[in-house]
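What follows is the residue order along each chain.
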Amino acid sequence: MNRIYEFLISLAVVVALFAAVGLFLPSKRSVEHKIESNRPISTVYDVLNGFNRFDEWNILRSDSMLKSQVSDPATGVGASMSYSSLNRSTGSGTWKLIESVPQEKIKYAIEDSSQGSDKFLTIHLDRTGPLNKNVEIRQVYEVDYGWNLFGRFAGLYVERNIGDKIKAGAKRLTTFLATVPKLSYADRVNPIAFTEVPATNALVATVISKRDNNEIAIGIVNKMAWINKIIAANGLQANGPMRIVTNEFTSDSYSFDVVQPVSKNGESTGEWVVKTEAEVTFEQIPGGRAATTDYTGYATGLESERQSVRAWAMVNGASTRDRAYEEYLVSPQLMMTEDAKFKVYWPLK
């Protein structure tokens, strides 16, 4: 009997000590981590403002057993992601975007199976660096344990458990941002959008030119002369604007394909026998999804437009493939005028 009393007294002492220590532990905890990026602040904001690129800055979905469902739309206030995993360390829960101030702050409310309530991850964006062209990305995680003494003890390890995950996610974010073209697509006159491009047959000729506008225009005109000759000889018809597909763009040279979509008897695809000459080839170009925008201005601005389209597509959850191209809505002789019109495309996977 005495041993039972001794055990109960010892247990009471342990419980009292546990409660006493727990009461003096903080009821709230926070973890902060920051990195810096040299990408435009609009790009960084768009990557973090939702779930299109969640995998690139948060390690949660790196769990191979995770099953998740993202809302539609996947970005902006109200966007959410629910998840569950057989991995006990991941558990189940929900992330919801509850506040978003363009290019300043993004706030997520988090519900999961770990101790505590009122869990939030707030991402602050501040301009920094030379001429304020860089972005400081500061992530702050907050949790409230209230009178949950077990939670308060769990808070002793939040720096390691949550902090290490935030640091790992920040490393992934840095790696991803480095792959996004360093061009801002914000405040554009012409928006960028996703579109479906139909398959087509085409006549193709390659030009390798110096970075000289007159030489580039002459190359296009010469190749189009041969293409038009082959169109007439084979009973074909031009099927839409001429395309210029970039192969290689350097400081000294420009390699590109002159592409003219064609049709035959009203059909734009099919197995045709086409007799070609003068390094012109007949090709079947598959259709597919692409990012696109309209551009008005000198042709020298097209490379920036291509990279802006690629940056926008990547930030919005797409992966580019193959080569960018433009539809020339003016003749090559007018491509160096301020009102020249083009439509820029970048195919997507």
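Q: So what exactly am I meant to see when it comes to the overall build of the chain here?
A: Check the secondary structure of the chain and you find six helices and 16 strands. Of all 349 residues assigned to the chain, the portion counted as buried reaches 41%.

Q: Hey, could you run me through the packing of helix 2 (residues 41-48) against helix 4 (residues 158-177) in this one?
A: In helix packing, the relevant descriptors are the interaxial angle and the interaxial distance, both defined with respect to the helix axes. Helix 4 packs onto helix 2 with a crossing angle of 130° between their chain directions and a minimal axis gap of 12 Å. With respect to helix 4, the axis of helix 2 lies oblique. Taken as a pair, helix 2 and helix 4 cross one another with a handedness that is right-handed. Across from Thr 43, Val 44, Val 47 and Leu 48 in helix 2, the residues of helix 4 making contact are Leu 173, Phe 176 and Leu 177.

Q: Just checking my understanding: could you explain helix 4 for this structure?
A: In an α-helix, one turn spans 3.6 residues, which is why side chains three or four residues apart end up on the same side. The terminal C-alpha atoms of helix 4, which comprises 20 residues, lie 27 Å apart, in line with the 28 Å expected from a rise of 1.5 Å per residue. Here helix 4 has its buried residues at Val 158, Gly 163, Ile 166, Gly 169, Ala 170, Leu 173, Phe 176 and Leu 177.

Q: Got a minute to help me understand the pairing of strand 4 (residues 92-101) in this structure?
A: Along any regular strand the residues' side chains alternate between the sheet's two faces. Note: strand 3 (residues 80-85) against strand 4, five bridges, orientation antiparallel. Opposite Tyr 83, over in strand 4, you have Gly 93 as the bridge partner. In textbook terms, the turn of a hairpin is the stretch between consecutive antiparallel strands, and for strand 3 and strand 4 this stretch comprises six residues, one of which, Gly 91, has a positive phi near 65°. Here eight bridges tie strand 4 to strand 5 (residues 105-112), and the two strands are oriented antiparallel to one another.

Q: I'm lost on the nonpolar core in this one. Help?
A: A general feature of soluble globular proteins is that nonpolar side chains tend to end up buried together. By size, the foremost hydrophobic cluster in this structure holds 76 residues, and its most contacted members are Trp 57, Trp 95, Ile 137 and Ile 220. With sequence-adjacent residues up to four places away left out, Ile 137 is seen in contact with His 33, Lys 34, Ile 35, Ser 37, Val 44, Leu 48, Ile 123, His 124, Leu 125, Leu 173 and Leu 177. Membership of the second largest hydrophobic core comes to eight residues, among which are Ala 202, Val 204, Val 259 and Tyr 345.

Q: Just to check I follow, could you spell out helix 6 (residues 302-315) for this structure?
A: With 14 residues, helix 6 should cover 20 Å at 1.5 Å per step; its first-to-last C-alpha distance of 20 Å lies within 8% of that length. Most of helix 6 is tucked away: 11 of the 14 residues are buried. Listed in full, the buried residues belonging to helix 6 are Leu 302, Glu 305, Arg 306, Gln 307, Ser 308, Val 309, Ala 311, Trp 312, Ala 313, Met 314 and Val 315. Positive phi shows up at Gly 317, right after helix 6, with a value of about 90°.

Q: Sorry, what's going on with the side chain of Lys 223 here?
A: Locating Lys 223 in the fold gives a position in helix 5 (residues 213-233). Overall, the relative accessible area of 16% leaves Lys 223 in the buried class. Each residue touching Lys 223, except ones within four places of it in the same chain, is listed here: Ala 205, Thr 206, Val 207, Val 258, Ala 278 and Glu 279.

Q: Even after reading the chapter, I still don't get the pattern of salt bridges, so can you show me in this structure?
A: Pairing between side chains of opposite charge can happen when their charged atoms approach one another. As enumerated under the stated definition, the model contains 12 salt bridges in all. For the salt bridge of Arg 306 with Glu 326, the shortest nitrogen-to-oxygen distance reads 2.7 Å. Residue Arg 306 is found in helix 6, and its partner Glu 326 is found in strand 15 (residues 325-328); the two are separated by 20 residues along the sequence. Between Arg 323 and Asp 322 there is a salt bridge; the shortest N-O distance is 3.4 Å. When its relative accessible area of 55% is taken as the criterion, Asp 322 is described as exposed.

Q: Explanation requested: unusual backbone geometry in the structure shown.
A: Glycine aside, a negative phi is what most residues show, and trans is what most peptide bonds show. Residue Asp 72 is joined to Pro 73 through a cis peptide bond whose omega torsion reads 10°. For Pro 73, the location among the structural elements is in the loop between strand 2 (66-70) and strand 3. Even without being a glycine, Leu 131 presents a positive backbone phi close to 60°. Here Leu 131 is to be found in the loop between strand 6 (117-128) and strand 7 (134-144). Even without being glycine, Glu 279 reaches a positive phi, approximately 60°. Looking at the secondary structure, you find Glu 279 in the loop between strand 12 (253-263) and strand 13 (281-285). Judged by relative accessible area, Glu 279 falls into the exposed class, the value being 66%.

Q: Explain the confidence of the model for the chain here, please?
A: Low-confidence regions, as indicated by low pLDDT, have predicted coordinates that should not be scrutinised in detail. Mean pLDDT over the chain: 89, with 90% of residues reaching 70 or higher. Below pLDDT 50 for its whole length, residues 11-16 participates in zero contacts with residues either more than four positions away or in separate chains. A low-confidence stretch, residues 18-22 (pLDDT under 50), is modelled with eight contacts involving residues beyond four sequence positions or located in other chains.

Q: Just checking my understanding: could you explain the layout of surface pockets for this structure?
A: Empty space among the atoms becomes visible once a probe the size of a water molecule is rolled across them. Estimated volume of the largest pocket: approximately 770 Å³. Of all elements in the fold, only strand 5, strand 7 and helix 4 reach the threshold of two or more residues within the lining of the largest pocket. The biggest single contributor to the lining of the largest pocket is helix 4, with six residues. Taken together, the residues of the lining of the largest pocket break down into 15 nonpolar, 10 polar and four charged. For the second largest pocket, the calculated volume is near 300 Å³. Elements with a minimum of two residues in the lining of the second largest pocket: strand 9 (200-210), strand 11 (243-249), strand 12, strand 13 and strand 14 (288-296). At three residues, the largest contribution of residues to the lining of the second largest pocket is made by strand 14.

Quick notes on the rules
- Numbers given for residues are sequential positions, taken from 1 along each chain in its written order.
- Only residues with pLDDT of at least 70 get local features here, since the model is predicted, and only at 80 or more are side-chain atom pairs given and counted; chain-wide, interface and lining totals rely on the full set of residues.
- Remark: hydrogens and water are excluded; side-chain values derive from all non-hydrogen atoms of the structure.
- Secondary structure elements follow DSSP: runs of H or I no shorter than four residues count as helices, runs of E no shorter than two count as strands, and numbering proceeds from the N terminus.
- Only protein chains enter the accessibility calculation, which uses a 1.4 Å probe. A residue is then buried if its area is under 20% of the maximum for its type, exposed if over 50%, and partly exposed in between.
- For helices, the fitted axis covers only the stretch in contact; all axes are lines through C-alpha atoms, and the angles between them, taken along N-to-C directions, range from 0 to 180 degrees.
- Every angle not falling under 35 degrees, over 145, or within 65 to 115 is termed oblique; those three ranges are roughly parallel, roughly antiparallel and roughly perpendicular.
- Each crossing gets its hand from how the near helix is turned against the far one by less than a right angle, where anticlockwise is left-handed and clockwise is right-handed.
- Residue contacts follow a heavy-atom distance rule, with two residues in contact if any of their heavy atoms lie within 4.5 Å.
- How far a helix is expected to stretch is found by multiplying one less than its residue total by 1.5 Å.
- Here a strand pair is declared whenever DSSP counts at least two bridges between the two strands.
- To define a nonpolar core, start from buried Ala, Val, Leu, Ile, Met, Phe, Trp, Tyr and Cys residues and group those joined through side-chain atoms within 4.5 Å.
- Take a side-chain nitrogen of Lys or Arg and a carboxyl oxygen of Asp or Glu: if they are within 4 Å of each other, that pair is a salt bridge.
- Residue-level confidence of the predictor is summarised by pLDDT, bounded by 0 at the bottom and 100 at the top.
- Definitions used for this entry: grid spacing 1 Å over protein atoms alone; cavity, a set of points where a 1.4 Å probe fits but cannot get out; pocket, an open set with protein on both sides within 12 Å along at least 5 of 7 lines; lining residue, one with an atom within 4 Å of a point.
- Grid points are joined across faces, edges and corners, and a volume is the space filled by probe spheres set on the points.
- Only Asp, Glu, Lys and Arg are considered charged, only Ala, Val, Leu, Ile, Met, Phe, Trp, Tyr, Cys and Pro nonpolar, and every remaining residue, Gly among them, polar.

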